[in-house]
Amino acid sequence: MDRVNALNQPVAKLTGIGAQTVKRLEKLGIRVIQDLVFHLPLRYEDRTRIYPIASLQAGMTALICGRVEFMDILPRGRKSLICRISDDTGYISLKFFHFSANQHNSLKPGTLISCFADVRHGFAGLEMVHPDYQVISNPEAYVKETRLTPVYPLTEGLSQSTLRKAVKQALSLCISDPRLLADWIPEAILKKYQYPSLEEAIQTLHAPDESISIETLQTGSVPALKRLAFEELLAHHLSLRITRNKTKAWQAPVFEGSSDKTIVEKFLSSLPFKLTGAQLRVMAEIEADCRLQHPMMRLVQGDVGSGKTIVSAYAALLALIAGYQVAVMAPTELLAEQHNRNFSAWFESFQTNVVYLTGQLKGKARNDVLQGLADGSAGIIIGTHALFQESVNFHRLGLVIIDEQHRFGVHQRLALRAKGQQGSTRPHQLVMTATPIPRTLAMLQYSDLDISIIDELPPGRKPVVTSVIPAERRAEVIQRINNWVGNKRQVYWVCTLIEESEVLQCEAAEKTAGFLTGALPDVRIALIHGRMKSADKDAVMRSFKNHRIDLLVATTVIEVGVDVPNAGLMIIENPERLGLSQLHQLRGRVGRGEGDSYCLLMYQPPLSDTARQRLGILRDTNDGFVIAEKDLELRGPGEVMGTRQTGAVHFKIADLVRDAGLLENIQQTGEQIFNEAPRAIQPLCDRWLGASTDYAEV
Ligand code: ADP
Ligand code: MG
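Residues numbered from 1 in each chain as written. Chains lettered and ligands numbered in written order. Predicted model: local features only at pLDDT ≥ 70, side-chain atom pairs only at ≥ 80, totals over all residues. Heavy atoms only, no water.

## Things to note about the site of ligand 1
Ligand 1 sits among 16 residues. The nearest are Gly305, Lys308, Thr309, Arg461 and Asp563. The backbone of Lys274 places a nitrogen or oxygen atom 2.8 Å from a nitrogen atom of ligand 1. Here Lys308 contributes a side-chain N or O atom positioned 2.7 Å from an oxygen atom of ligand 1. Protein chains shield 86% of the accessible area of ligand 1, which is 570 Å² for the free molecule. For the shell around ligand 1, a count of residues per class yields four nonpolar, six polar and six charged. (Near = heavy atom within 4 Å. Polar contact = N/O pair within 3.5 Å; in protein donor to acceptor, adjacent residues only side chain to side chain. Areas by Shrake-Rupley, 256 points an atom, 1.4 Å probe, with all protein chains shown as cover. Nonpolar A, V, L, I, M, F, W, Y, C, P; charged D, E, K, R; others polar.)

What follows is the structure, encoded as structure tokens:
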């Protein structure tokens, strides 16, 4: 085996790994020997001490040693092999429901065996079912384990012992040549956090000695585990920083926006409102970026309703003035359609051709759009992820705007930018999100971006008054809708269901719409859900916007972006099924106009304590940042970072809930590595992100 690359060899090189096992290991993401090194145990078993049989209690998992007293095969019902073993202190039964002739022969009375299993109550005293046992032919030579036994995550057909043997071989390779598994974290950093060396960490986790208790290992607070998690998080952070640095080295079009004051002024004065201080500040930040000859990479965070769209439209204006095209990408058709309407209106008097592209668009209409993009006659293109399909070619793309960024993965974002590449020039990129990312997480998810925050809502917005009520009070809610509609205001009724099943979700919404139509004969009701044709959705949204509909029954498709200021009452059914940030997004559909607005969280009792606590947070605050932080505490980062999103970060070892404390130091350590040990960056990224990243190319 080639020494230097030994850990990068396929696992098949190890003894005892046949083609079948290779396939099974691959299911666990294990392809090369090094993957085994980082495949950590789920838990551990203690086989380091032998328990006297008399000391056993049901519920324990223990190693015992004893002689077979008798053995029998019971023909009753399922054929089973049963035997009794005893030591100097007592006896216990062993039971096997399936067994080989070999086993039958090996368990002859008088044989000395060691057994490891859970102890439970049986028909006649304590018993072990299918113990992991070993015949001890020479008691003199019997050595028990001195280290805890690792129990690895498995996949069907793969046995613990096969995996243990494979890991053992991988580890002995590492020991045989320390150069194979280089420790790239500088000594000083290890010292500072009191982390063990990489080799020590790996050894400790795969084969902990008796000095570490199983409990300590299980809590995840062992320095060995912390160190690996830290290294992994660090690697992710570093890879984003590399992306960022590379980006900053590229060329980008220079938008001398303000040189044409009249156009900018005309645009701003045509708006039906006065921009907030926060909007103006962020616009200035964007403008400053776009004047540099390097691509802007800016994330605009702003709570729902803070007015991000117009800020992005301003950036678009700068691009248009400079003679460049703009692509605006939204995560849903509904939102893309809305942007299309807004941008079309805002740019109406600027002789700019705003075009719209989604996956639904076919035939000639589609070709016309593509043609306009290619020849430059289309100035702004608005669409869904259909925008980065192969057939889409731009004439002169200068700015990419991505709305509700958390719904897209890093890679989709980068793919769209690659579309605008011309020689060494790339477009500017502006991404927006209403899901505030706690600072610590932003470091992992967005280290490649500069961040602007719109921390001010347009004047006159009143917080949405939120109440948490049980579903039994439905009749009261119906009455309230009636009054509300009587006052010429509009209502959303949101049906939630288990996320994964869109079909069921739509069915539930249909049922609810039917029920409400019966209960509210004077109210104009319409239904919108994800399985409707795009044109139908659009028609419904238009009617709602134009107030030809009073009550809109919807699934969570309306979660992002939808803007109808006259709708000030929202009922969310079964809010306990959704995450806080998602609920906050939904609630952001109301409270957009001048009047009071309300959100009724109508839960299905009984409510668990955590659910009660979570809904309480929503009732008590309208601040998206506070909600995101609390969400992180209560539910973990999946929600905040969007586990549903494509391209969400997947970690091998780190667990953002368990290891949240580590994030604090990541940025500073990253800085230190950039300055003092830049050579470590590439190998760290290779080790932890491997082939799954294309950060080097983007
Ligand atoms: P979000 O940040 O959630 O994307 P939008 O851009 O959809 O918010 O804006 C929400 C609503 O507020 C829209 O109707 C928009 O026209 C309006 N709006 C934006 N900026 C202002 C402002 N400065 N004053 C008043 N209304 C504004
Ligand atoms: Mg928006």
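Additional details are given in the paragraphs that follow.
## Quick word on the domain arrangement of the chain
Domain boundaries in the chain define domain 1 (3-44 + 151-219), domain 2 (49-144), domain 3 (256-454) and domain 4 (465-621). Between domain 2 and domain 3, the C-alpha centre-to-centre distance is 70 Å. (Domains from an automatic or database assignment.)

## Focus: the sheet that holds strand S4 (residues 91-96)
Spatially, seven strands are ordered S6-S7-S4-S3-S2-S5-S8 in an open sheet, and the strand pairing comes out mixed. On the outer flanks of this sheet lie strand S6 (120-122) and strand S8 (132-135), each paired with one strand and no other. When strand polarity is set aside, the average angle formed by the axes of neighbouring strands in this sheet is 45 degrees. With three bridges connecting them, S6 and strand S7 (residues 125-129) associate as antiparallel partners. (Pairing = 2+ DSSP bridges. Helix = DSSP H or I, 4+ residues; strand = E, 2+ residues; numbered from the N terminus. Axes fitted to C-alpha atoms, helices over the stretch in contact; angles between N-to-C directions.)

## Observations concerning the confidence of the model for the chain
When pLDDT is low, close inspection of the predicted coordinates is not appropriate. For the chain, per-residue confidence averages 87 on the pLDDT scale, and residues scoring 70 or more make up 92% of the total. Low pLDDT, under 50, characterises residues 638-648; the stretch is placed with 33 contacts to residues that sit more than four places away or in other chains. Under a pLDDT of 50 for its full length, residues 692-698 has, in the predicted model, 16 contacts with residues more than four places off or in other chains. (pLDDT = per-residue confidence, 0-100. Contact = heavy atoms within 4.5 Å.)

## Quick notes on the environment of Asp35
With respect to the helices, strands and loops of the structure, Asp35 is situated in helix H2 (residues 33-37). As a C-alpha pair, Asp35 and Asn8 span 27 residues in sequence and 8.6 Å in three-dimensional space. The contact partners of Asp35, leaving out residues within four places of it in the chain, are Gly29 and Ile30.

## Thoughts on the sheet that holds strand S18 (residues 490-494)
Strands sit in the order S17-S22-S21-S18-S20-S19 across an open sheet of six strands; the sheet is parallel. With one partner strand each, in any of the chains shown, strand S17 (465-470) and strand S19 (525-528) form the two edges of the open sheet. Between one strand axis and the next, the sheet turns by 20 degrees as a mean value, whatever way the strands run. Here five bridges tie strand S21 (residues 567-573) to strand S22 (residues 598-603), and the two strands are oriented parallel to one another.

## Describing the pattern of salt bridges
Applying the stated criterion to the full structure yields 27 salt bridges. In this structure, the salt-bridge partner of Arg291 is Glu287, at a minimum N-O distance of 3.3 Å. Of this pair, Arg291 and Glu287 both sit in helix H10 (residues 277-291), four residues apart, which is roughly one turn of that helix. Notably, a salt bridge pairs Lys462 with Asp596, separated by 3.3 Å at the nearest N-O pair. With Lys462 in the loop between strand S16 (450-454) and S17 and Asp596 in the loop between helix H19 (580-587) and S22, this residue pair connects regions lying 134 residues apart in the sequence. For Asp596, a relative accessible area of 37% translates into the label partly exposed. Look at the salt bridges and you will find they share partners, linking Arg281, Glu285, Asp289, Arg298 and Asp455 into a network. (Salt bridge = Lys/Arg side-chain N within 4 Å of Asp/Glu carboxyl O. Buried < 20%, exposed > 50% of the residue type's maximum accessible area, 1.4 Å probe, protein only.)

## Let's talk about the nonpolar core
As a rule of thumb, nonpolar side chains are buried together in soluble globular proteins. Counting residues in hydrophobic clusters, the biggest one holds 90 residues, and the most contacted among them are Leu36, Phe38, Leu228, Leu233 and Ile381. Per-element accounting of this core gives the leading share, 10 residues, to helix H8 (residues 223-249). Of the residues that make up this core, three or more belong to each of domain 1 (3-44 + 151-219) and domain 3 (256-454). If sequence neighbours within four positions are ignored, Ile381 has contacts with Val326, Ala327, Val328, Val355, Tyr356, Leu357, Val369, Leu373, Leu387 and Phe394. Formed by 40 residues, the second largest nonpolar core is a distinct cluster that contains Cys290, Ala313, Phe343 and Met432. (Core = buried A, V, L, I, M, F, W, Y, C linked by side-chain atoms within 4.5 Å.)

## Description of the side chain of Gln338
Within the secondary structure layout, Gln338 lies in helix H12 (residues 333-346). A polar atom in the side chain of Gln338 sits 3.0 Å from the backbone nitrogen of Asp563.

## Overview of unusual backbone geometry
Look at the link from Pro605 to Pro606: it is a cis peptide, with omega at -5 degrees. By the element assignment, Pro606 lies in the loop between S22 and helix H20 (609-620). Here the phi dihedral of Gln351 falls at roughly 50 degrees; this positive angle occurs in a residue that is not glycine. Inspection of the secondary structure puts Gln351 in the loop between H12 and strand S12 (354-357). Judged by its relative accessible area of 79%, Gln351 falls in the exposed class. In this model, Asn574 sits at a positive phi of 50 degrees, which is unusual for a non-glycine residue. Within the fold, Asn574 resides in the loop between S21 and H19. On the basis of relative accessible area, Asn574 is assigned to the buried category, the value being 11%.

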